[in-house]
Amino acid sequence: MYLIASLVINALALYVTDYLFVGIGFDNWQSLLVSAIVVGIVNSFIRPVVQFFALPLSILTFGIFALVVNAAMLLLAATIVPGFQVDGFWTAFWGAIVLS
């Protein structure tokens, strides 16, 4: 039940992010659901490893570099899912802030 609720919340957050930003888009609702799954997997498995290696930069910037890591994870999910588009880094940066 928790997994389904998490998937629905991720999908709603991605839909709101798509609504707020012009540079983020989905082809159809299937790509929205697949991207919600991929974002959840990327945030669960890849993001902790990247944040561990980026820990010195996060300490130097008082945690602001974590936003860059979140943007990179959103861009990674966009490259994996075929119907999910993110136009650039700054769009991913602001989209990751809204998504989180």
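Everything that follows concerns the structure shown earlier in this document.
First, a word on scope: everything that follows refers to the structure included in this document. In this text the structure is predicted, and so the values were computed from the model without any measurement.

## Re the overall build of the chain
Right, on to step 1. Of the regular secondary structure elements, the chain holds 5 helices and 2 strands.
Right, on to step 2. Ordered by position from N to C terminus, the α and β elements of the chain give α-β-α-α-α-β-α.
Right, on to step 3. Its C-alpha atoms give the chain a radius of gyration of 13 Å, within 12% of the compact-globule value 13 Å for 100 residues.
Right, on to step 4. Across its three principal axes, the chain shows a C-alpha extent of roughly 40 × 30 × 20 Å.
Right, on to step 5. Here the chain, with 100 residues, has 32% of them falling under the buried criterion.
Right, on to step 6. Counting contacts in the chain only where the partners sit at least 6 residues apart, residues at least 24 apart contribute 61% of the total.

## Points about the packing of aromatic side chains
Right, on to step 1. Inspection of the entire model under this criterion finds 6 aromatic pairs.
Right, on to step 2. On the numbers, 5.2 Å between centres and 85° between planes, the contact of phenylalanine 93 with tryptophan 94 is edge-to-face.
Right, on to step 3. Judged by its relative accessible area of 11%, phenylalanine 93 falls in the buried class.
Right, on to step 4. The rings of Phe89, Trp90, Phe93 and Trp94 are connected pair by pair, giving a single aromatic cluster.

## Points about the packing of helix 2 (residues 29–53) against helix 4 (residues 65–80)
Right, on to step 1. Their axes nearest at 10 Å, the elements helix 2 and helix 4 cross at an angle of 135°. When the axis of helix 2 is compared with that of helix 4, the two are oblique. The interaxial crossing formed by helix 2 with helix 4 has right-handed handedness. Judged by residue contacts, Val38, Val39, Val42, Asn43, Ile46, Arg47, Val50 and Gln51 of helix 2 engage Ala66, Val69, Asn70, Met73, Leu74, Leu76, Ala77 and Ile80 from helix 4.
Right, on to step 2. Among the residues making up the contact of helix 2 with helix 4, the classes are represented as 12 nonpolar, 3 polar and 1 charged.

Conventions we followed
Residues numbered from 1 in each chain as written. Predicted model: local features only at pLDDT ≥ 70, side-chain atom pairs only at ≥ 80, totals over all residues. Heavy atoms only, no water. Helix = DSSP H or I, 4+ residues; strand = E, 2+ residues; numbered from the N terminus. Rg over C-alpha atoms; globule rule 2.2 N^0.38 Å. Buried < 20%, exposed > 50% of the residue type's maximum accessible area, 1.4 Å probe, protein only. Contact = heavy atoms within 4.5 Å. Phe/Tyr/Trp six-rings, centres within 6.5 Å; stacked < 30°, edge-to-face > 60°. Axes fitted to C-alpha atoms, helices over the stretch in contact; angles between N-to-C directions. Parallel < 35°, antiparallel > 145°, perpendicular 65-115°, else oblique. Left-handed = near helix turned anticlockwise from the far one by under 90°. Nonpolar A, V, L, I, M, F, W, Y, C, P; charged D, E, K, R; others polar.

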